[in-house]
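Spelled out, the chains give:
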Amino acid sequence: MNLRAFVVVTRNSVLSELEYRFNYFMWLLSSLISVAMESAILLLAVKGRGELGGFLETDLWKFVLIGITIRTCTGQWKVVGEGIDEVREGGFRKYLLQPVNYPTYFVARALGDKMTITLLLLFGLAAFKYFDGPGPFLSMTAAPMFLLSFIGVNILTWQIYLMMIYGAFWIDETHFIQIAFNIGMAVFSGSLLPFTWLPEGTRQWVAFTPFQLLGDWPIRSALGRMSFEEFSFLGGQALLWMTIFSLLIWLMGRAGIRRYEAFGG
Amino acid sequence: MKYLRLWLALAKNSIIRQLEYRSDFFGGLLLEVVWISSLFVFYKSIFSQVNQVGNWREPEMMFFAASLFLVDAFYMVLLSKNSQSFPETIRSGIFDFYLLRPVSALFISTFRYINITGFFNISMAFFLAIKSGVAITPIGALIWIFYCFVGFSLLYSLLVIVASMAFWITQTSSLQWLFFELYRLGHRPDDIYVKWLQRVLLFAFPAAFFISIPVKLALGKLDGLWFLWPILWTAAAGFIASLVWRRGLKVYEGAMS
Amino acid sequence: MDHGIVAKQLSRSFFRRERSGGLKGALKSMLRPQVKEKKAVMDVSFTVPYGACVGLIGANGAGKTTLLKMIAGLLHPSSGEIHTLGYVPYERDHKFLKKIGMVMGQKSQLWVDIPAIDTFQLLGAIYDLDPKHCAARVQELAELFGLKELLGVQVRRLSLGERMKMEIVASLLHSPSLLILDEPTIGLDLLAKETIRSFINTYRSKEKSTIILSSHDMEDITELCDHLLVISRGNLIYSGSVADFGQDQNLKNKVLELLKDEESTKEESSKK
């Protein structure tokens, strides 16, 4: 698939999204409710102590805001749901009839779908700095680290979602896996609560998954709570996972499409 | 009695339907397991850092989480899919069939699908309630079950009101989304919120009555008139819901002829 | 090769899960699903010359869509050989894909939330058409089909007939040498059916591409096609010109009877 097609898919996704202005209101409301729910419990816990698990009250505020930003930008609902339905109900054949590469098409679609909200939230975060003195981007080193890890998280989640879509070639109902992933990601990636607070046992098995990369990595980078060594170590892990996922996606796509042809399409 | 039989028949068909789609069934179960464990880990993590959040100690908070599963499980088992599919039922005209049957159309519309994975949550809820180690009297336990039921009935009535809007407007999915977001606020104890939000949840959108108030009554954190409030709310919402539903039916019949 | 499509002893089977009714049956099939083979297309051989318009007729479930999907390369044949435009279709060479266009009556390739023109631009990019050329082509086709004012309307606000016309335009943008139409008139009212037909006729007289079209409406075929394939329960029972078919009253009645028969047995079995 050529670059021009990629750009047009992205543009069309932005246009589709803009058709439903009500969604923006709901996103705003939903984010505000999440802010209310999460900040309420954390602020109440820190009240009268000044510090909680290594976080000051202002740190916790920033943590909540960045966590919600990351989750809103990376958690795909619509595009992935659509992809799964296309595989299940036969709409997927249009990608086979046209000279396109589905993973590229999907990334363009996901990118376009989240484009406006991502830009809004990132600008919001950047503006936060000026309103509140030192904002979430604490230092000049934190900002590039955050952006880099933010791109990394997006690539990783796209890959994971792509595997779910391909999974629908075998399992009829991968919508549940999608929802379970979106719910589980919040807690186990350390974006709802600081990753270091998770019980020891949980952290041990999470270490075998890419979850920490999906929340803790960009959030602590943004908060300036990550040394460059740790950042690079996690970045290396991210690259490793990306390689594994790319391979899996390639294999699943090949086998899935063959199965699709075999079972009716 | 007739309705119990009808419900069992509907339940049987739903169960068959869900077993038919194996991955559907296991996927639903996976979702519940992930949800329960993530909530469990969430509170465990917080209480690994502090002993008390506001007025809530760990056992009490775990008991609250158990109650959340209980009420939400009933919501999942009985209502969530029905209320989501209701606007489509109206639009596609399938609702006509419901009206032709010699039973309450409201009953069929709201109890049509039964989600069996929710039963797993109900048992998990009781398991967690016992495991939470909360100090609760036998009377407290009875109060808990009774007021959770009252809270659930309130939720049911509000959902009927939202779903009934499909009689007037064709696209109600946004409204249901809005409702769900507000319902989500009830997933945490009401007294953790700032004062004005607490008042909203008590007097404007009564999400506090779904879980929070029943738990606080059972734990003896509230007394006196608080025992009356949930019942009044539920009765009022039930009354409005039946009014809205009947109005809606008239509109629907009017549109048909 | 002087044939657009060559099929030799083409066959295709599907496997389907089956179970007995009730809770017991459901539980049983959950543990050990029973699989049954169904032959959708059996030993079908035919050729389609370049530039022909071929009608494929048969009752629902006779195997029309399966055959079309094999021609387009969406399905692998279980056995036999198929060549489309000189390519092996299921290898889905991008050169091949750029030469075919397919419309499915019940599946949309348009983005419903945005105007059709935006999807057309996307297709222009996918098929690597020159943007200016693509825009001119859109205007030309829109003119031909009387769609000019509708190009800027969100697809979800179009009527079924208008949407179908847009679907056809979408698959014609890259001037395919082979156009495959699967039930293009399904679910449309008489007037809309008529416009779609005249649309295809006009297009055909203008550009000499090969068209294969399936339908269970005999009128579609007689108005549009010069060749005819009749398929029944996976078997090809007639292959020849439409004119011959029309003259042979005996054959015609037999085929119509067969189609009707098949429909009614279907209805009966679906009632059970």
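My aim in this report is to walk through the structure given alongside it, one point at a time.

### Considerations on the packing of helix α2 (residues 21-46) of chain A against helix α3 (residues 57-74) of chain A
Residue and element names in this part refer to chain A.
- Axis separation between α2 and α3 bottoms out at 10 Å; the angle between their running directions is 150°. Regarding the angle of α2 to α3, the classification is roughly antiparallel. Where α2 crosses over α3, the handedness of that crossing is right-handed. Taking contact as the criterion, the partners of S31, S34, V35, E38, S39, L42, L43 and V46 in α2 are, on α3, E57, L60, W61, V64, L65, I68, R71 and T72.
- Classifying every residue of the contact of α2 with α3 gives nine nonpolar, four polar and three charged.

### Overview of the interface of chain A and chain C
- The partner chain C presents 38 residues to the 31 residues of chain A that form the contact.
- Across the chain A/chain C interface, buried area totals approximately 3000 Å², and carbon plus sulfur atoms make up 54% of it.
- Seen at the junction of chain A and chain C, the total is two salt bridges.
- Note that R156 of chain C and E19 of chain A form a salt bridge whose closest N and O atoms lie 3.1 Å from each other.

### Let's talk about a nonpolar patch on the surface
Residues and elements named next belong to chain B.
- Side chains of F203, L225, L228, W229 and L232 sit close together on the surface and give an oily, nonpolar patch of about 540 Å² of accessible area.
- Its location among the elements puts L232 in helix α11 (residues 229-256).
- Assessed through its relative accessible area of 48%, L232 is described here as partly exposed.

### Quick look at the pattern of salt bridges
Residues and elements named next belong to chain C.
- Taken as a whole and judged by the stated rule, the model has 27 salt bridges over all chains.
- As a salt-bridge pair, D113 and R156 come within 3.5 Å of each other at their nearest N and O atoms. You can see D113 sitting in the loop between β5 (100-104) and α4 (116-126) and its partner R156 sitting in the loop between α5 (131-145) and α6 (160-172), a full 43 residues away along the chain.
- The class of D113 is buried, set by a relative accessible area of 14%.
- Linking E143 and K148 is a salt bridge whose minimum nitrogen-to-oxygen distance equals 3.1 Å.
- Residues participating in the shared-partner salt-bridge network are E194, R197, E219, D220 and E223.

### Observations concerning the sheet that holds strand β9 (residues 235-241) of chain C
All names here are of chain C.
- The strand order β5-β6-β7-β3-β8-β9 describes an open sheet built from six strands, whose pairing is mixed. The open sheet has two edge strands, β5 and β9, and neither has a second partner. When strand polarity is set aside, the average angle formed by the axes of neighbouring strands in this sheet is 15°.
- Looking at chain direction, strand β6 (residues 178-182) and strand β7 (residues 210-215) are connected through five bridges and run parallel. Counterpart to L181 in the pairing with β7 is L213.
- Seen against the sheet, helix α2 (residues 64-72) touches β3 (53-57), β5, β6, β7 and β8 (227-232) and runs at an angle of roughly 155° to β6.

What counts, and where the lines are drawn
Residues numbered from 1 in each chain as written. Chains lettered and ligands numbered in written order. Predicted model: local features only at pLDDT ≥ 70, side-chain atom pairs only at ≥ 80, totals over all residues. Heavy atoms only, no water. Axes fitted to C-alpha atoms, helices over the stretch in contact; angles between N-to-C directions. Helix = DSSP H or I, 4+ residues; strand = E, 2+ residues; numbered from the N terminus. Parallel < 35°, antiparallel > 145°, perpendicular 65-115°, else oblique. Left-handed = near helix turned anticlockwise from the far one by under 90°. Contact = heavy atoms within 4.5 Å. Nonpolar A, V, L, I, M, F, W, Y, C, P; charged D, E, K, R; others polar. Buried area = accessible area lost by both parts, 1.4 Å probe. Salt bridge = Lys/Arg side-chain N within 4 Å of Asp/Glu carboxyl O. Patch = residues over 30% accessible without salt bridge, like charges linked within 9 Å, V, L, I, M, F, W, Y side chains within 5 Å. Areas by Shrake-Rupley, 256 points an atom, 1.4 Å probe, with all protein chains shown as cover. Buried < 20%, exposed > 50% of the residue type's maximum accessible area, 1.4 Å probe, protein only. Pairing = 2+ DSSP bridges.

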